[in-house]
Amino acid sequence: MSLIPSAFLTAAATALLCVPMAAQHGDHHGHQNPAAKVARTGDPYPFETCPVSGKKLGAMGDPEVKVYDGREVRFCCGGCTGKFEKDLDASFAKLDQKILADQRPIYPLTKSVVSGEKLPEKPVSMVLGNRLILVATAKEKATILKAPEKYLKLLDDAVKAAQGKDYPLKKCVVSDEPLGSMGKAKDVVVAGRLIRLCCASCTKKLEKTPAAFLATIDKAAADKSPEEPRDGKKE
């Protein structure tokens with residue numbers, strides 16, 4: 001499955017507003033100590049803007065990075081963290097809707113990652129580690145929460161299988177080196193996108209500013225001619 005060009009995302013996102021949404025963020029109040037080190041679950045924060053101010057990350061110095069129950073969020077400055085934490089349920093609900101709109105059009109499965117049942121017309125949605133997961137019933141969410149890494153890996157595998165054949169770039173999105181020039185390429189999934197790196201060392205740079213590289217991937221997918229065969233050769 002190819003990535004869906006950005007031109008189609010607005011219409012798709014509008015249609016998704018009626019999809020049931022259940023964010024997994026639990027009780028965040030145990031993770032307010034900025035000195036505490038909490039392991040991240042899933043993906044880095046995938047957007048280029050602060051969820052509070054809307055300003056571009058990096059415009060006011062290095063972003064403020066916080067982890068809530070394993071979920072990473074980045075802010076333009078320390079002042080925005082307090083505003084975000086004032087009502088965490090509302091803050092995450094708003095962020096989850098943005099993730100839903102962004103990742104639903106490229107979701108790789110038509111069946112539940114838990115049960116294998118066909119997803120209904122309006123599947124149950126949850127966000128875990130900044131990753132959208134769709135399931136057939138609300139009970140399946142509890143199953144995912146018992147083994148989050150297991151189901152995130154299954155979702156990663158599905159993304160790699162769906163997007164690997166039509167991957168739009170021949171060079172590493174981070175280093176600009178030809179894929180395969182440093183051995184087997186490393187496949188990484190962020191925000192529902194497959195990102196193919198020339199080597200494992202590029203992962204750190206990818207995670208530092210993921211939004212910039214995600215934008216490159218989306219543009220390459222949008223620019224790829226639909227008439228172009230999968231092998232890249234013109235007929």
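Everything numeric in this text was worked out from a predicted model, so none of it was measured. (Residues numbered from 1 in each chain as written. Predicted model: local features only at pLDDT ≥ 70, side-chain atom pairs only at ≥ 80, totals over all residues. Heavy atoms only, no water.)

A few words on the overall build of the chain. Broken down by element type, the chain carries 7 helices and 7 strands. Ordered by position from N to C terminus, the α and β elements of the chain give α-β-β-β-α-α-β-β-α-α-β-β-α-α. Every one of the 235 residues in the chain was classed for burial, and the buried ones make up 43%. Across the chain, the fraction of contacts at a sequence separation of at least 24, relative to all contacts at a separation of at least 6, is 59%. A total of about 12400 Å² of accessible surface is found on the chain, and carbon and sulfur atoms cover 54% of it. (Helix = DSSP H or I, 4+ residues; strand = E, 2+ residues; numbered from the N terminus. Buried < 20%, exposed > 50% of the residue type's maximum accessible area, 1.4 Å probe, protein only. Contact = heavy atoms within 4.5 Å. Areas by Shrake-Rupley, 256 points an atom, 1.4 Å probe, with all protein chains shown as cover.)

Here we take up helix 7 (residues 210–223). A rise of 1.5 Å per residue sets the reference length of helix 7, with its 14 residues, at 20 Å; its end C-alpha atoms lie 20 Å apart and thus fit the reference within 8%. For helix 7, the full list of buried residues reads Pro210, Ala211, Phe213, Leu214, Ile217, Ala220 and Ala221. (Expected span 1.5 Å × (residues − 1).)

Let us now look at the pairing of strand 5 (residues 131–135). With 5 of its 5 residues buried, strand 5 lies for the most part within the structure. Where strand 4 (residues 124–128) and strand 5 come together, 5 bridges link them in antiparallel fashion. From the neighbouring strand, Met126 faces strand 5, where its bridge partner is Ile133. A loop of 2 residues connects strand 4 with strand 5, the two strands running antiparallel in sequence, and Gly129 in this loop sits at a positive phi of about 60 degrees. (Pairing = 2+ DSSP bridges.)

Take the nonpolar core next. Counting residues in each nonpolar core, the largest one holds 30 residues, and the members touching the most others are Val73, Ile133 and Ile144. Elements represented by at least two residues in this core include exactly strand 3 (71–75), helix 2 (78–86), helix 3 (88–103), strand 4, strand 5 and helix 5 (148–163). Here the element with the most residues in this core is helix 3; it accounts for 5 residues. Those residues in contact with Ile144 that sit more than four places away from it in its chain are Val113, Val114, Met126, Leu128, Ile133, Val135 and Tyr151. If you look at the next biggest cluster of nonpolar residues, it comprises 19 residues, including Val188, Val189, Cys199 and Cys202. (Core = buried A, V, L, I, M, F, W, Y, C linked by side-chain atoms within 4.5 Å.)

Our focus in this paragraph is the side chain of Thr49. Mapped onto the fold, Thr49 is located in the loop between strand 1 (21–23) and strand 2 (64–68). At 3.4 Å, the side chain of Thr49 and the side chain of Lys98 are in polar contact. The contacts of Thr49, once residues within four sequence positions are left out, are Gly54, Lys55, Lys56, Leu57 and Lys98. (Polar contact = N/O pair within 3.5 Å; in protein donor to acceptor, adjacent residues only side chain to side chain.)

Right, let's get into the packing of helix 2 against helix 3. Packing of helix 2 against helix 3 leaves a shortest axis separation of 5 Å and a crossing angle of 100 degrees. Compared by their axis directions, helix 2 and helix 3 come out roughly perpendicular. Contacts between helix 2 and helix 3 involve Lys83, Phe84, Glu85 and Lys86 on the former and, on the latter, Leu88, Ser91 and Phe92. Here the contact of helix 2 with helix 3 is composed, by residue class, of 3 nonpolar, 1 polar and 3 charged. (Axes fitted to C-alpha atoms, helices over the stretch in contact; angles between N-to-C directions. Parallel < 35°, antiparallel > 145°, perpendicular 65-115°, else oblique. Nonpolar A, V, L, I, M, F, W, Y, C, P; charged D, E, K, R; others polar.)

This paragraph deals with the pattern of salt bridges. Close approach of charged atoms lets side chains of opposite charge pair. Considering all chains together, one arrives at 12 salt bridges under this definition. For the salt bridge of Lys66 with Glu85, the shortest nitrogen-to-oxygen distance reads 3.3 Å. Here Lys66, found in strand 2, pairs with Glu85, found in helix 2; they are 19 residues apart in sequence, far enough to count as distant. Of the charged contacts in the structure, one is a salt bridge between Asp187 and Arg196, with a shortest N-O distance of 2.7 Å. (Salt bridge = Lys/Arg side-chain N within 4 Å of Asp/Glu carboxyl O.)

Before going further, it helps to spend a moment on the packing of aromatic side chains. One pass over the full model with this rule turns up 5 aromatic pairs. Between Tyr45 and Phe47, the aromatic rings sit 5.8 Å apart at their centres with planes inclined by 80 degrees, giving edge-to-face as the arrangement. Here the aromatic residues Tyr68, Phe75, Phe84 and Phe92 are joined through ring pairs into a cluster of three or more. Lying across the ring of Phe47, Lys98 places its NZ or CZ 4.4 Å from the centre. Lying across the ring of Tyr167, Arg196 places its NZ or CZ 5.1 Å from the centre. (Phe/Tyr/Trp six-rings, centres within 6.5 Å; stacked < 30°, edge-to-face > 60°. Lys NZ or Arg CZ within 6 Å of the ring centre and 35° of its normal.)

As for its position among the elements, Val52 is in the loop between strand 1 and strand 2. Given a relative accessible area of 31%, Val52 falls into the partly exposed group. Taking the C-alpha atoms as reference points, Val52 and Gly79, separated by 27 residues in sequence, lie 9.6 Å from one another. If we ignore the near neighbours within four places in the chain, the residues touching Val52 are Phe75, Cys80, Lys83 and Phe84.

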